[in-house]
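Each chain, letter by letter, is given below.
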Amino acid sequence: MPDRPIKILLVEDNPGDARLIKETLSEAAADQFEFACAERLDLALEQVAQHEFDVILLDLTLPDSSGLQTFEKMHTQAPGIPTIVVTGMDVEILGTEAVQKGAQDYLIKGQVDTPLLVRSVRYAIERKLLENQLLQSNRLESVGELAGGVAHEFNNLLTTIMGYTQLGIAGLSPEDPVCSDLEVVLRSAERASRLATQLLTFSRQQVSEPKVFDLNQLILNTGKLLRSVIDKDVELVMLLSPDLDLVSADPNQIEQILMNLVVNARDAMPTGGKLVIQSTNVNVDQAQADRWNCPAGKYVSLTVNDNGIGMNEEVKRKVFDPFFTTKETGKGTGLGLSICYGIIKQNGGHIEVDSEVDNGTTFKIFLPCSTQTVSILPQSQERRDMPNGKETILLAEDEPMIRSMCTRVLFDNGYKVLEAANGEEALRLAQNHPAGMIDLLLTDVVMPQMGGIELTSRLGESRPDIKILLTSGYTDEALACSPNGSMPFLQKPFLPSALLSKVREVLDS
Ligand code: ADP
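Fair warning: this is a prediction, and the values are worked out from it, not measured in the lab.

Turning to the layout of surface pockets, a few remarks are in order. Counted as a void, the second largest pocket has a volume near 850 Å³. Going through the elements one at a time, α8 (251-267), α11 (336-346) and β12 (361-368) are the ones with two or more residues in the lining of the second largest pocket. In terms of residue count, α8 provides more of the lining of the second largest pocket than any other element does, seven residues in total. When the residues that make up the lining of the second largest pocket are grouped by side-chain class, the tally is 13 nonpolar, twelve polar and five charged.

Set out below in structure tokens:
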């Protein structure tokens with residue numbers, strides 16, 4: 001169910017009936033529903049072409065269409081939107097027929113009260129979601145089988161092509177012009193083989209080597225690589241839950257997913273934006289598990305969110321299809337997300353997308369938790385010797401490499417870290433965390449938008465309990481700005497050990 005008002009398209013030519021439906025629904029909770037109205041079918045079809053709706057309430061008898069064909073025309077135009085038809089008492093049979101043809105439910109005029117209407121709307125949305133997910137996974141399943149079969153055959157053929165080409169090259173003198181021709185053949189065959197391998201991943205026939213590991217550690221280990229693919233004006237924020245359960249999956253494959261999602265997010269923000277990578281523990285109940293076709297239980301979720309161009313309904317529907325791309329030739333292969341889909345399914349998890357045009361995109365991945373407690377990924381060697389803690393630190397630093405290094409060091413040593421690229425963002429993050437939840441502000445002095453000194457004084461007004469540690473490349477700056485020169489200060493450049501010692505010292509002071 002969307003966590004915003006449900007958008008309803010009310011197709012009804014009788015203003016009295018339309019008002020009645022609105023009032024009946026609003027009786028439950030006025031702010032739960034948003035209405036758009038159309039008195040004719042042609043106007044309703046225009047509306048669904050231009051706007052997004054969660055549900056359609058469709059009177060079958062309209063000035064420009066009547067009977068079952070009203071539903072059929074609407075369903076052809078908007079097959080993905082759950083539709084509830086509204087009929088008169090004398091033609092109830094039409095309601096049943098519409099349900100057989102794909103409507104979610106039918107209501108009879110004059111026999112509708114608030115609980116019935118609210119339940120019908122909610123069930124319609126839930127059922128359609130389930131139906132769409134089932135349709136999507138069945139479709140991807142059969143495309144996967146086909147793609148996997150083709151890829152297998154191709155790999156066999158390519159093995160022969162590559163083998164004999166190499167033998168041919170070996171039998172020629174390097175100066176022979178045929179030799180360079182054959183090398184081109186070999187390189188092309190290798191490229192084709194990589195493509196076939198990607199298809200095998202989508203169809204889940206690629207060898208997966210599941211291991212038990214800490215997803216946070218994997219994200220942090222990949223951080224440098226991720227930062228190298230995003231543009232400078234894309235801000236990367238990591239919100240990693242400190243007590244994350246371990247997962248069982250193939251870490252190389254999960255790294256590949258993370259990379260694919262980050263590259264897509266970058267492409268969706270050509271003029272810059274914000275990319276948030278988040279991890280957290282999730283309990284999946286039976287109802288949700290049935291929808292995902294996974295077992296109920298504990299999962300770890302990885303969310304990659306951007307505030308880029310977003311997607312329309314059609315793109316969202318096809319996003320996991322192999323070779324579906326909206327990128328220009330040469331830029332996209334359309335295989336990135338199908339590979340993500342295949343990997344996640346192979347690892348017993350679930351992937352979903354939430355996106356709106358101009359409103360960014362969120363990909364959510366759920367991986368099953370492991371019952372084991374030992375991660376195969378290396379923890380920081382420094383951990384045992386270094387002063388550590390469990391407190392929450394708000395880190396404001398505009399230089400992405402330093403920010404990521406600090407986050408990594410602090411996180412590896414037990415702290416929870418909230419990252420901000422400047423003072424304004426740090427203030428926003430602080431506002432979202434109740435008093436007492438942030439223990440220390442670690443801030444650079446000079447930052448765009450709002451520097452560290454203004455930040456400390458603004459934060460100090462509302463949250464005098466937060467301890468402060470300034471960092472800067474210039475001692476003078478901090479001394480000049482710190483009111484009596486007594487504010488704790490860490491000189492850049494600093495080593496992880498120095499950062500940890502100073503943080504502990506300030507927290508304990
Ligand atoms: P490719 O990146 O090669 O196009 P993908 O399978 O990774 O292939 O993505 C398929 C399509 O999904 C993209 O072409 C794009 O239209 C859409 N898409 C994926 N991620 C995003 C995103 N974060 N924001 C907007 N559109 C996206």
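Our next topic: the pattern of salt bridges. Inspection of the entire model under this criterion finds 21 salt bridges. Of the charged contacts in the structure, one is a salt bridge between Lys101 and Glu72, with a shortest N-O distance of 3.6 Å. Taken together, the residues span a long stretch of sequence, with Lys101 in the loop between α4 (92-100) and β5 (105-108) and Glu72 in helix α3 (residues 68-77) at a distance of 29 residues. Its relative accessible area of 43% is what places Lys101 among the partly exposed residues. Classification of Glu72 as partly exposed rests on a relative accessible area of 31%. Where Glu313 meets Lys316, a salt bridge forms, and the shortest distance between an N and an O atom there is 3.2 Å. With Glu313 and Lys316 both in helix α10 (residues 313-318) and three residues apart, this pair spans about one turn of that helix. For Lys316, a relative accessible area of 17% translates into the label buried. Each of Glu12, Asp17, Asp59 and Lys109 takes part in one network of salt bridges that share partners.

Following the sequence through the fold, Arg227 ends up in helix α7 (residues 215-229). The side chain of Arg227 is buried and forms no salt bridge, while Glu419, the nearest opposite charge, is found at 4.1 Å. With sequence-adjacent residues up to four places away left out, Arg227 is seen in contact with Leu236, Met238, Pro400, Ser404 and Glu419.

Remark: helix α6 (residues 177-202) packs on α11, axes separated minimally by 7 Å, with the N-to-C direction vectors making an angle of 45 degrees. Judged by the angle between their axes, α6 and α11 are oblique. Packed against α6, whose contacting residues are Gln198, Thr201 and Phe202, the element α11 presents Ser338, Ile339, Tyr341, Gly342 and Ile343 at the interface. When grouped by side-chain class, the residues that make up the contact of α6 with α11 number four nonpolar, four polar and no charged.

Turning to the site of the ligand, a few remarks are in order. Taken together, 20 residues sit near the ligand, with Asn264, Thr325, Thr326, Lys327 and Thr333 positioned nearest. One nitrogen or oxygen atom from the side chain of Lys327 is found 2.6 Å from an oxygen atom belonging to the ligand. Within the backbone of Gly336, a nitrogen or oxygen atom sits 3.4 Å from an oxygen atom of the ligand. The fraction of the free accessible surface of the ligand (530 Å²) that becomes covered by protein chains is 93%. Judged by its atoms lying within 2 Å of the grid points, the ligand is housed in the second largest pocket. Split by residue class, the shell around the ligand holds nine nonpolar, nine polar and two charged.

On to a nonpolar patch on the surface, then. Side chains of Leu146, Val150 and Phe154 sit close together on the surface and give an oily, nonpolar patch of about 290 Å² of accessible area. With respect to the element layout, Leu146 can be found in helix α5 (residues 114-170). Look at Leu146 and you get exposed, because its relative accessible area is 61%.

Here we take up the pairing of strand β13 (residues 392-396). Where burial is concerned, most of β13 is hidden: five out of the five residues are buried. Of the two faces of β13, both are covered, the one formed by Thr392, Leu394 and Ala396 as well as the one formed by Ile393 and Leu395. Pairing between β13 and strand β14 (residues 416-420): five bridges, direction parallel. Following the sheet pairing, Leu395 is matched in β14 by Glu419. Taken together, β13, helix α12 (residues 400-412) and β14 constitute a β-α-β crossover, and its handedness is right-handed. The sheet contact formed by β13 and strand β15 (residues 440-444) spans four bridges and is parallel. What sits directly across from Ala396, in β15, is Thr443.

Next up on the list: the confidence of the model for the protein. On average, residues of the protein score 86 in pLDDT, and 94% of them are at 70 or above. For the stretch residues 380-384, pLDDT sits under 50, and the model shows seven contacts to residues farther than four places along the chain or on other chains.

Following both chains from N to C, one finds α12 and helix α16 (residues 496-508) inclined at 65 degrees, their axes separated by 10 Å at the closest point. Crossing geometry of α12 relative to α16 is assigned as right-handed. Across from Met405, Cys406, Val409 and Leu410 in α12, the residues of α16 making contact are Pro496, Leu499, Leu500 and Val503. Split into classes, the residues belonging to the contact of α12 with α16 amount to eight nonpolar, no polar and no charged.

How each quantity is defined
Residues numbered from 1 in each chain as written. Predicted model: local features only at pLDDT ≥ 70, side-chain atom pairs only at ≥ 80, totals over all residues. Heavy atoms only, no water. 1 Å grid on protein atoms, 1.4 Å probe; cavity = no way out; pocket = protein on both sides within 12 Å on 5 of 7 lines; lining within 4 Å. Points joined across faces, edges and corners; volume = space filled by probe spheres on them. Helix = DSSP H or I, 4+ residues; strand = E, 2+ residues; numbered from the N terminus. Nonpolar A, V, L, I, M, F, W, Y, C, P; charged D, E, K, R; others polar. Salt bridge = Lys/Arg side-chain N within 4 Å of Asp/Glu carboxyl O. Buried < 20%, exposed > 50% of the residue type's maximum accessible area, 1.4 Å probe, protein only. Lys, Arg positive; Asp, Glu negative; His and termini not counted. Contact = heavy atoms within 4.5 Å. Axes fitted to C-alpha atoms, helices over the stretch in contact; angles between N-to-C directions. Parallel < 35°, antiparallel > 145°, perpendicular 65-115°, else oblique. Near = heavy atom within 4 Å. Polar contact = N/O pair within 3.5 Å; in protein donor to acceptor, adjacent residues only side chain to side chain. Areas by Shrake-Rupley, 256 points an atom, 1.4 Å probe, with all protein chains shown as cover. Sits in = over half its atoms within 2 Å of the grid points. Patch = residues over 30% accessible without salt bridge, like charges linked within 9 Å, V, L, I, M, F, W, Y side chains within 5 Å. Pairing = 2+ DSSP bridges. Right-handed = clockwise from strand over helix to strand, strands pointing away. pLDDT = per-residue confidence, 0-100. Left-handed = near helix turned anticlockwise from the far one by under 90°.

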